Amino acid sequence: MKIFPIAVLAALAVSAAPLAMAQEFAPLNSFGVYGNVNTLGGNAGKTTGGVGVQGRFFTDNFLLSANFHHEFGSSFSDTDVTGGSSNGVGVKIGYLIPLSQNLRVGPYLGYQYQRWTIDGSNSVSAHLSNNAIGGGGYLAFASGPLTVTGNVGYLDGVSATLGASNGTESISATTNRHSLNDLQVGLQGDYAISGPWYAFASFKLNHYMDNGSTNTYQEGVGLGYSF
């Protein structure tokens, strides 16, 4: 599954043809919705499906990017896990320097909120919420109807909230001891299909680190509208 978006991006690149400059980088001012699959690495992980929305706003070389996604079901496959979900919010604020007519690169500041919920067979529900702040590098390349964006960044875990509930009582505690650092890699290809409408495919890797490490892989396809 993880090679699917890369194959889609390669096919789009081969078919790209020149368009007017007004169309270049158009997806950087856009709103989109998508469906995705999310895989938690390791023997205890599994693949779940999800949905998400994203928005990007680009003016005077400044870029604001925001994303929300929801995963249906728990990413953990332990026999005592009966269900769950996860939700995530990501925000990037960057400045893209034009290196050529088609290429822009620059730094960004990023924030990520991620919450995992696990339902157990003993009627206990547990959750972990993580806040991380950091930054990285962002790239945007446009050629005809195709725009490709990518980022690599590192976010430092600043706080985490651990909690549990048995349906009638709940406990929750906030700490920075169990917060997760995150090495994040993202790639997205946007292809103009008709007027302001475009299709896109994306891949995201999050490498979470505490005392150990865990990877999540997300592949998505969606539809966007540029403005």
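Located above this text is the structure these notes cover.
Being a predicted model, the structure only gives us computed values, none of them experimental. (Residues numbered from 1 in each chain as written. Predicted model: local features only at pLDDT ≥ 70, side-chain atom pairs only at ≥ 80, totals over all residues. Heavy atoms only, no water.)

## Section: the overall build of the protein
Helices and strands together make up the secondary structure of the protein, namely one helix and 12 strands. Ordered by position from the N terminus, the helices and strands of the protein form the series α-β-β-β-β-β-β-β-β-β-β-β-β. Here the protein holds 227 residues, and 43% of them are scored as buried. Contacts in the protein between residues far apart in sequence, at least 24 positions, make up 60% of those at least 6 positions apart. Surface accessibility of the protein: about 11200 Å² in total, with carbon and sulfur atoms responsible for 63%. (Helix = DSSP H or I, 4+ residues; strand = E, 2+ residues; numbered from the N terminus. Buried < 20%, exposed > 50% of the residue type's maximum accessible area, 1.4 Å probe, protein only. Contact = heavy atoms within 4.5 Å. Areas by Shrake-Rupley, 256 points an atom, 1.4 Å probe, with all protein chains shown as cover.)

## As for unusual backbone geometry
Of note, the phi angle at Asp60 is positive, near 50°, even though the residue is not glycine. For Asp60, a relative accessible area of 64% puts it in the exposed group.

## Re the pattern of salt bridges
This structure, assessed with the given rule, holds one salt bridge. Across the pair Arg56 and Asp190 runs a salt bridge whose closest N-O atoms are separated by 3.1 Å. Taken as a pair, Arg56 in strand S2 (residues 47-59) and Asp190 in strand S10 (residues 181-194) lie far apart in primary sequence, 134 residues in all. Under the relative-accessibility criterion, Asp190 is labelled buried at 0%. (Salt bridge = Lys/Arg side-chain N within 4 Å of Asp/Glu carboxyl O.)

## Overview of the pairing of strand S12 (residues 213-226)
Direction of pairing for strand S1 (residues 30-40) relative to S12: antiparallel, over a ladder of 11 bridges. Bridging across to S12, Val37 finds its partner in Glu219. Inspection of the sheet shows strand S11 (residues 197-209) paired to S12 by 13 bridges, in the antiparallel sense. When the sheet's bridge partners are listed, Ala201 is paired in S12 with Val221. Turn length for the S11-S12 hairpin, with the two strands adjacent in sequence and antiparallel, is three residues. (Pairing = 2+ DSSP bridges.)

## Details of the packing of aromatic side chains
Taken as a whole and assessed by the stated rule, the structure comprises seven aromatic pairs. Considering the side-chain rings of Trp197 and Tyr225, the 4.9 Å spacing of their centres and the 70° angle between planes classify their relative orientation as edge-to-face. In this pair, Trp197 sits in strand S11 while Tyr225 sits in strand S12, placing the two residues 28 residues apart along the sequence. What makes Trp197 partly exposed here is its relative accessible area of 40%. What makes Tyr225 partly exposed here is its relative accessible area of 37%. Above the face of the Tyr108 ring, Lys92 is positioned so that its terminal group lies 5.8 Å from the ring centre. (Phe/Tyr/Trp six-rings, centres within 6.5 Å; stacked < 30°, edge-to-face > 60°. Lys NZ or Arg CZ within 6 Å of the ring centre and 35° of its normal.)

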